[in-house]
Amino acid sequence: MIGHEMIFSALVIVTLMMVLLSVPSIFITLSRSARQYKKYTALRLLTKMEDIPKNSLGEWNAVKSDVGYISLITEEIERMGALRPALFNSEIAAILIVVLMIYPGYETDVMVLMCVLLALCVVAMIYGYVNMKRFGEEYLNTVRKMADEGHDSNDNMYV
């Protein structure tokens, strides 16, 4: 027969695996997207051709037009949309950690590890949703600006 200790140990292992498989992918993808966002906005602020480094000239040509900029932002939004399962796993892992903390079975070392993992899950979720919101707002602001200027765009699938 399966005892409470075995169920508790299995839940701890499942929670650890969920955290280990979801949180690193969230941080890696979001850090790359944040770098791309900073690069796009920096290139968009440059107005003269002589200010642009040679290796960024192709990206600058894409970013300087609103439609090209929206296309690049759309790619990043789609990349972050692929993170939704990882964010969901992180949410489930955080809930499992809290539920397992209620059950009196953790030793002190395991409790400290679970608190650290809970903090990582919460930070990953907040970081993920804030970045997703930032890209969505940038997309909407650019589309609104284009609409105010009278430009038509067929690339308004997220509006």
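A quick note: this is a predicted structure, and the numbers were derived from the prediction, not measured.

Caption draft 1: Focus on the overall build of the protein. Within the protein, the regular secondary structure consists of five helices and zero strands. Going from the N terminus to the C terminus, the protein shows its helices and strands as α-α-α-α-α. Here the protein, with 159 residues, has 35% of them falling under the buried criterion. Contacts spanning at least 24 positions in sequence make up 73% of the contacts within the protein whose residues lie at least 6 apart.

Caption draft 2: Representation of the environment of Arg134. Along the chain, Arg134 falls in helix α5 (residues 108–149). It is 9.8 Å that separates the C-alpha atoms of Arg134 and Ala34, two residues lying 100 residues apart in sequence. For Arg134, the residues in contact, after removing those within four places along its chain, are Ala34 and Tyr37. A distance of 2.8 Å separates polar atoms of two side chains, one belonging to Arg134 and the other to Asn131.

Caption draft 3: Structural detail: the nonpolar core. The biggest cluster of nonpolar side chains holds 37 residues, and the ones touching the most others in it are Val19, Ile26 and Ile73. For this core, the secondary-structure elements that each account for two or more residues are α1 (4–45), α2 (57–63), α3 (66–81), α4 (84–102) and α5. Setting aside anything within four residues of it in sequence, one finds Ile73 in contact with Tyr37, Tyr40, Phe135, Glu138 and Tyr139.

Caption draft 4: Just the pattern of salt bridges, in detail. Under the criterion given, the structure shown has three salt bridges. Among the salt bridges present, the one from Arg32 reaches Glu76, with a minimum N-O distance of 3.6 Å. Here Arg32, found in helix α1, pairs with Glu76, found in helix α3; they are 44 residues apart in sequence, far enough to count as distant. By relative accessible area, which is 33% here, Arg32 ends up partly exposed. Exposure remark for Glu76: the relative accessible area of 1% places this residue in the buried category. Its salt-bridge partner being Glu76, residue Arg79 comes within 2.6 Å of it at the nearest N-O pair. Residue Arg79 and its partner Glu76 are located together in helix α3, separated by three residues, close to a single helical turn. One salt-bridge network, held together by shared partners, links Arg32, Glu76 and Arg79.

Caption draft 5: The side chain of Gln36, seen in detail. Relative to the helices and strands, Gln36 resides in helix α1. Once residues within four sequence positions are removed from consideration, Gln36 is found in contact with Glu59 and Glu76.

Caption draft 6: Summary view of the environment of Glu138. Tracing the chain through its elements places Glu138 in helix α5. With 69 residues separating them in the primary sequence, Glu138 and Tyr69 have C-alpha atoms 10.0 Å apart.

Definitions and limits used
Residues numbered from 1 in each chain as written. Predicted model: local features only at pLDDT ≥ 70, side-chain atom pairs only at ≥ 80, totals over all residues. Heavy atoms only, no water. Helix = DSSP H or I, 4+ residues; strand = E, 2+ residues; numbered from the N terminus. Buried < 20%, exposed > 50% of the residue type's maximum accessible area, 1.4 Å probe, protein only. Contact = heavy atoms within 4.5 Å. Polar contact = N/O pair within 3.5 Å; in protein donor to acceptor, adjacent residues only side chain to side chain. Core = buried A, V, L, I, M, F, W, Y, C linked by side-chain atoms within 4.5 Å. Salt bridge = Lys/Arg side-chain N within 4 Å of Asp/Glu carboxyl O.

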